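So you can see what is in the structure, the chains are spelled out below.
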Amino acid sequence: MRFSISPEMATQEVQPNETLSNLKAESDTLKTKLEDERAKLHDVELHQVAEKVDGLGQFIMKTRRTLKGHGNKVLCMDWCKDKRRIVSSSQDGKVIVWDAFTTNKEHAVTMPCTWVMACAYAPSGCAVACGGLDNKCSVYPLSLDKNENLAAKKKSVAMHTNYLSACSFTNSDMQILTSSGDGTCALWDVESGQLLQSFHGHAADVLCLDLAPSETGNTFISGGCDKKANVWDMRSGQCIQSFETHESDINSVRYYPSGDAFASGSDDATCRLYDLRADREVAIYSKESIIFGASSVDFSLSGRLLFGGYNDYTINVWDVLKGTRVSILFGHENRVSALRVSPDGTAFCSGSWDHTLRVWA
Amino acid sequence: MTIRTLRDHGQHYRPRMACLKKVEAFVVEMQDPKSGVKASDQKLNITSIPHVITGQDILAWIVTKMKVTTEEAQAFGTMLVAYGYIYPLQNHRKLVLVADSTLYRFQTPYFWPVQKWPAEDIDYAIYLAKRNIRKKGMLEPYEQEHYNNLHKWMNYKWDFIVMQATEQYKASKERKKPDRVVLDCQERAYWIVHRPPRRTHSGMDYGLDRLIDPNAEEVLTYDMVRRTNIFLTQALMRSAVKSSVSLTAFVKYVTTHHTHDPLLTNPVPSNPWITDNDEFWQLNMRNVDIPTKLSVERWALSFWELISDQRGRADFKLFLKKEHSGENMAFYEAAEEMRWGAATAIPEKSQFIFNTFLKPGAPRWINIDGRTMGLTVKGLDCPHRYVLDAAQTHIFLLMKKDTFYRYLKSPVYKDMQKKALVPAPHNFTDAQLEANAKNRNPGISPIVLWQQQEAEKAAAAVAARPIDVKAMVATNKLDRK
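Since we're looking at a predicted model, the values are computed, not measured.

## Considering the pattern of salt bridges
Taken as a whole and assessed by the stated rule, the structure comprises 36 salt bridges over all chains. Its salt-bridge partner being Asp-210 of chain A, residue Arg-254 of chain A comes within 3.6 Å of it at the nearest N-O pair. Within this pair, whereas Arg-254 of chain A is found in strand 18 (residues 250–255), its partner Asp-210 of chain A is found in strand 14 (residues 206–211), the two being separated by 44 residues in sequence. According to the relative accessible area criterion, Arg-254 of chain A is buried, its value standing at 10%. Note that Arg-235 of chain A and Asp-389 of chain B form a salt bridge whose closest N and O atoms lie 2.8 Å from each other. Of this pair, Arg-235 of chain A sits in the loop between strand 16 (229–233) and strand 17 (239–243) while Asp-389 of chain B is found in helix 18 (residues 389–409), placing the two residues in two different chains. Taking the relative accessible area as the measure of exposure, Arg-235 of chain A reaches 38% and is therefore partly exposed. A relative accessible area of 13% means that Asp-389 of chain B is categorised as buried. Through salt bridges that share partners, Arg-235 of chain A together with Glu-336, Arg-339 and Asp-389 of chain B make up one connected network.

## Notes on the sheet that holds strand 14 of chain A
Residues and elements named next belong to chain A. The antiparallel open sheet is built from 4 strands, whose spatial order is 14-15-16-17. If you trace the sheet from one side to the other, it starts and ends with strand 14 and strand 17, each paired once. Sheet twist, expressed as the average angle between the axes of neighbouring strands with direction ignored, equals 20°. Looking at chain direction, strand 16 and strand 17 are connected through 4 bridges and run antiparallel. Residue pairing in the sheet places Asn-230 in a bridge with Ser-242 of strand 17.

## Some details on the UniProt feature "domain: DEP" (unreviewed entry) in chain B
Annotation from UniProt places "domain: DEP" (unreviewed entry) at residues 33–108 of chain B. Between the first and last C-alpha atoms of residues 33–108 of chain B the distance is 15 Å; the span itself is 33% helix and 26% strand.

## As for the interface of chain A and chain B
Interface extent is often summarised as the accessible area lost during association of the parts. Contacts between chain A and chain B engage 121 residues on the former and 94 residues on the latter. On the surface where chain A and chain B come into contact, there are 5 salt bridges. At the junction of chain A and chain B, the tally comes to 29 residue pairs in polar contact (both at pLDDT 80 or more). Of all the secondary structure elements, the ones that give two or more residues to the side of chain A that touches chain B are helix 2 (16–41), helix 3 (46–49), strand 1 (63–68), strand 12 (184–189), strand 17, strand 21 (280–285), strand 23 (305–310) and strand 25 (325–329) of chain A.

## Brief notes about helix 2 (residues 55–66) of chain B
All names here are of chain B. Spanning 12 residues, helix 2 covers 16 Å between terminal C-alpha atoms, matching the ideal 16 Å at 1.5 Å per step. Among all positions in helix 2, only Gly-55, Ile-58, Leu-59, Trp-61, Ile-62 and Met-66 are buried. The arc that holds every buried residue of helix 2, seen down its axis, measures 165°, which confines them to one face. Tucked inside the fold, the buried residues of helix 2 contact helix 1 (19–30), strand 2 (47–54), helix 3 (70–82), strand 3 (86–88) and strand 4 (103–106).

## Observations concerning the domain arrangement of chain B
What the domain assignment reports for chain B is domain 1 (121–174) and domain 2 (291–420). Between the C-alpha centres of domain 1 of chain B and domain 2 of chain B there is a distance of 72 Å.

Procedures and definitions
Residues numbered from 1 in each chain as written. Chains lettered and ligands numbered in written order. Predicted model: local features only at pLDDT ≥ 70, side-chain atom pairs only at ≥ 80, totals over all residues. Heavy atoms only, no water. Salt bridge = Lys/Arg side-chain N within 4 Å of Asp/Glu carboxyl O. Helix = DSSP H or I, 4+ residues; strand = E, 2+ residues; numbered from the N terminus. Buried < 20%, exposed > 50% of the residue type's maximum accessible area, 1.4 Å probe, protein only. Pairing = 2+ DSSP bridges. Axes fitted to C-alpha atoms, helices over the stretch in contact; angles between N-to-C directions. UniProt positions renumbered as here; feature names shortened; annotations may be inferred. Contact = heavy atoms within 4.5 Å. Polar contact = N/O pair within 3.5 Å; in protein donor to acceptor, adjacent residues only side chain to side chain. Expected span 1.5 Å × (residues − 1). Arc of directions from axis to C-beta. Domains from an automatic or database assignment.

In structure tokens, the structure reads:
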């Protein structure tokens with residue numbers, strides 16, 4: 001076959017429509033091929049493997065503490081590594097640090113913006129980070145002096161082009177991972193405010209993120225309004241895995257304690273479990289009677305229980321292995337917006353739009 | 001008013017309100033004259049209002065239809081009220097379902113939350129103006145506030161608004177009294193849901209709008225599709241594990257950790273949140289002398305569990321000291337510090353690590369293969385936070401696959417297993433529990449603990465420095481006699 005370089009070729013423009021449809025066709029074939037490959041490895045279902053596991057007996061959990069003090073909707077909360085302190089943020093811009101065991105308020109900061117949707121406690125217990133509609137994430141070092149004005153030492157770390165939806169410290173106080181409504185996640189150096197790595201790939205607002213607990217500690221997951229949950233490599237900024245089985249916005253993602261799976265809660269009223277090693281969704285936690293979206297999910301220490309806070313003011317407790325609902329907890333008077341299990345698994349705390357936080361055990 | 005069929009009037013479901021489609025279908029069934037909730041006429045302030053339902057009837061119907069418990073049905077019923085599908089006739093500001101003879105009515109579909117138009121401020125202004133006329137200026141405080149606000153920024157339209165309001169008011173006066181009362185109730189209920197007064201929890205108060213419009217068509221650009229293809233090709237090259245293998249791993253993890261999960265197995269001595277006694281936390285602190293048996297068992301589950309627990313890590317370091325291979329753990333910790341630390345500290349830390357662990361003849365030289373050593377040292381010319389990754393992984397795997405198992409068989413660990421405490425479970429009487437609740441231990445602030453830890457680390461760093469013989473001789477500390 002003879003190739004002749006004709007003058008037209010040099011000036012030939014890429015026909016966008018033609019190549020776009022070719023690409024789309026290629027994309028579809030690749031997707032089906034990937035699904036077939038994964039389906040070949042899918043030889044058993046989770047509940048089948050879980051048949052030999054004993055069922056959980058009667059499950060009774062009660063509210064052990066009610067933290068009152070916020071004047072408006074509680075949007076986010078996080079535990080301190082000392083297993084008893086909590087930081088929570090609300091719609092009116094207040095961020096409060098509580099000793100949940102004694103229910104005392106230890107510190108309070110007023111942010112210059114409303115809707116503080118993200119807050120996190122530093123691993124050392126010496127600082128908190130928060131952000132929201134101001135598009136920034138700020139770190140406030142905490143002090144032992146009760147009268148000190150914490151806002152004076154505030155450090156502005158992250159800058160996004162839209163609202164901040166979630167933030168988390170990595171293994172030290174020196175780095176923060178943030179996700180934003182502008183569709184990106186970013187890793188920041190706290191001391192200098194420098195952007196270390198940015199993560200692009202979501203086509204819509206990113207609503208939540210969680211860092212891997214495993215020994216390699218190099219990945220994190222994020223969930224967004226494009227119904228996708230992505231797994232990212234922190235070092236290279238690449239998206240390693242992506243799961244798109246939800247039917248609506250993903251409000252919350254949380255790693256399984258072993259780091260090999262994660263759960264997500266979404267507005268389509270389901271929570272789903274994804275296996276990272278098998279690269280597929282392995283369980284759906286839903287019921288006909290649960291119609292309103294799940295806003296926040298977390299695992300118990302062993303990974304047997306999945307707690308989900310829903311928009312119909314209830315908390316559903318799921319048996320992760322068997323896929324059944326173990327219990328439903330009532331108590332909040334408005335939707336549950338944040339739910340986290342304590343670091344040693346002795347209790348979990350739920351924050352709600354009814355201005356309170358409850359600790360359950 | 002009852003409706004029998006659900007006709008889609010081209011309604012656009014609001015973002016994040018996809019759940020309402022199911023709720024709507026449900027509400028239509030509730031209103032079915034034969035199989036729905038029983039309605040009756042009730043007298044309210046002289047007028048007789050048609051199609052009134054009681055709270056307990058609604059609850060019973062939901063329980064039968066959805067086959068759920070009473071509490072769940074109550075929660076669902078409250079959602080129906082919170083979204084405005086059902087409204088209470090008396091205590092109209094509290095949007096909850098009360099399961100007794102409290103009276104409710106179904107809201108007319110015109111006012112359902114799924115309608116295409118959002119509750120505009122101009123409609124609210126007209127409503128408030130109308131109410132103002134009717135009540136002769138006596139609006140509720142929150143309504144008055146809204147009215148003043150709207151009057152201020154909608155001033156240019158105010159004539160139009162007042163005109164509309166008077167028209168509607170006149171039209172309503174021409175209706176029969178029962179109709180008028182019903183329409184007023186419906187409109188008031190609608191506005192309570194869409195402009196909730198303080199302390200009313202309304203379902204339509206759904207927070208911030210997300211940036212993306214879910215009803216917009218997704219535009220796939222050339223670039224996006226190309227990236228998707230690259231991602232899919234890479235995904236195909238990656239190998240996945242068989243489901244049976246990974247799922248069995250989950251089951252194994254859950255079973256081994258079952259006894260360690262405080263929510264599944266009662267912790268000993270007791271769960272601090274339940275008994276208000278924090279002995280459980282005190283026994284598991286970082287610097288406790290004798291750890292509990294449960295912690296010691298947990299250390300044996302995996303190397304990661306051992307070093308994640310600070311007390312376990314301390315024990316492991318003690319073992320390494322006895323084996324004279326403490327440099328591995330020290331290197332791992334130093335590398336971790338560099339990886340997660342501040343960007344400005346990287347050059348200084350990399351220099352320290354090189355001098356202490358990597359250079360030939362270093363005081364705490366780590367034993368890694370030549371290739372890794374070469375790569376690492378070369379990388380240290382331009383240090384970045386991940387430059388020690390290869391060496392760190394090597395050392396970690398060495399500790400995990402070899403040192404860890406030797407530790408488990410060592411006298412250090414076996415000794416600890418024998419000494420470990422098994423605290424007796426607490427058995428508090430009610431009076432004691434009450435006393436506990438009053439005397440909750442405030443504990444130590446994490447800031448203080450952190451400062452203590454940092455001081456300890458600094459002292460350890462000083463102690464680990466190589467001894468300078470010449471300096472000691474100079475200060476006469478080393479007596480050669």
